[in-house]
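Results of the structural survey
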Amino acid sequence: MFAFLAAYLVLDFSAIFLSGYPQHIDKWLEDKWVLSALIVPLALVRDRRIGERSLYLMMVGGLGAAALAIMQNAVGWDPLRGQFLEYHSGGFMALGTFNHHLTYGGAALVAALLALARFPFGSRRIDILRAVFCIVLSAVGLYVSFARSALVGYAFGALTLVFLAPPRWRWKALGVLTAGGLLLLLIVPGMAIRLLYIFQGGSAGEGPRLLLWKSAFNIVKHNLWFGVGQSNWGEAFLTYGAPGRYLSIAHPHCDLLSVAVDGGILTLLAFIALWGYIIYTMGHFFRDQYEVITRCQPSAGDSENHRAGSQLPRVDCGSDIVLKSGLSVVIGILFAGLFQNYQTDAEVANMLWFTVGTAFAVMNIIKRRAAASA
């Protein structure tokens, strides 16, 4: 992973000097500091249970934000800032603990997928009820953010988890998720109308987003190899921006286009290769993990799952949860990022990279223990 990450960072950093636009090294460093969230779990997670609990605590924080967001949506008031919330199509856009509904939507997306990845198929009823409570609370919290891009990401992340579920549960899980989504459309005021805007043209629908994408394509077309460098979107937009009415011109509203604008086509290819490698590695390891785990010796905390003379069970020390969380969060953010900038939103990017780092840390632990017991 680090080779792909280094290639992306080197190309993106080089574009600062090769693009011919003003050089903003400080802005580049400010944008990339979120990668420290990848290093922390890789350096500190030394036990599979610690990795699972780390993601559990991040989910619990998301549940607290979701409870606050649901209250905000119901009353239209943010008690943290003492202000009224934006009213849209019959409902209030919740902010949770953040200052923008899209930032909250991205964070809520990660928390909701972490909750969904913990569903204990075939476990005790109390465990299932606890999981359902967390899933429903986090999903409703995400819904009231009114972040359509985050909902798209949740749909694809949830489909990933359905695919990773035990075969006999897959159709049931898909049916429950579909029914739950339709129910939320009916009971959350304004969300159905907002989703219908996707199919509406002009300034009230997706017209402004399409104009942003057209502007980004124009910028990339005229700065194909090295882009315009970090934080020069605004200056390039003055020259290459498509004429029309915009709601915001802060960024292209697409992670892929933002990478291409900043670093050019080579940086974009490196970015795609990085995430392709991450998805392939986690997916391939998940497929093979049961065989690997059964060759490992139990740690001191595994006693309740281990009987003398037997192999470890299929789901060991939360590694199954961590890997499912990593895959679903990555795929969810990547799909959501097709319609919004989430990887340049520090709060969301921190959660994303921490989840990835935790998944890779757990994979490394399992590999080392498998090699030691071989």
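Overview of the structure. What you see is a predicted model; the values in this text were computed from it and never measured.

It is worth spelling out the environment of Ala165 at this point. Turning to its location among the elements, Ala165 is positioned in the loop between α7 (148-164) and α8 (170-187). A sequence separation of 159 residues divides Ala165 from Lys324, and the C-alpha atoms of the two residues are 9.2 Å apart. For Ala165, the contacting residues outside a window of four places in its chain are Phe121 and Arg170.

All right, on to the environment of Phe360 then. As for its placement among the helices and strands, Phe360 is situated in helix α14 (residues 346-373). Phe360 sits 34 residues away from Gly326 along the chain, and the two C-alpha atoms are 8.7 Å apart.

Here the phi dihedral of Ser231 falls at roughly 65 degrees; this positive angle occurs in a residue that is not glycine. In this fold, Ser231 is placed in the loop between α10 (207-222) and α11 (233-240). Phi at His253 takes a positive value of approximately 60 degrees, unusual for a residue other than glycine. Its relative accessible area of 12% is what places His253 among the buried residues.

With that settled, consider the packing of aromatic side chains. Enumeration over the complete set of coordinates arrives at 15 aromatic pairs. For the pair Trp233 and Phe237, a centre-to-centre distance of 5.5 Å together with 40 degrees between the ring planes defines the contact as tilted. Here the residue Trp233 and the residue Phe237 both occupy positions in helix α11, the gap between them amounting to four residues, near one helical turn. We classify Phe237 as buried; its relative accessible area is 11%. Note on Phe237 and Tyr246: the rings are 5.3 Å apart at their centroids and 80 degrees apart in plane angle, and the pair reads as edge-to-face. Since its relative accessible area comes to 18%, Tyr246 is described here as buried. Among the aromatic residues, those joined into a cluster by ring pairs are Tyr8, Phe271, Trp275 and Trp353. One cation-aromatic arrangement involves Arg170 over Phe163; the distance from NZ or CZ to the ring centre is 5.5 Å. Sitting above the plane of the Trp169 ring, Lys172 keeps its charged end 5.1 Å from the centroid.

Conventions adopted
Residues numbered from 1 in each chain as written. Predicted model: local features only at pLDDT ≥ 70, side-chain atom pairs only at ≥ 80, totals over all residues. Heavy atoms only, no water. Helix = DSSP H or I, 4+ residues; strand = E, 2+ residues; numbered from the N terminus. Contact = heavy atoms within 4.5 Å. Buried < 20%, exposed > 50% of the residue type's maximum accessible area, 1.4 Å probe, protein only. Phe/Tyr/Trp six-rings, centres within 6.5 Å; stacked < 30°, edge-to-face > 60°. Lys NZ or Arg CZ within 6 Å of the ring centre and 35° of its normal.

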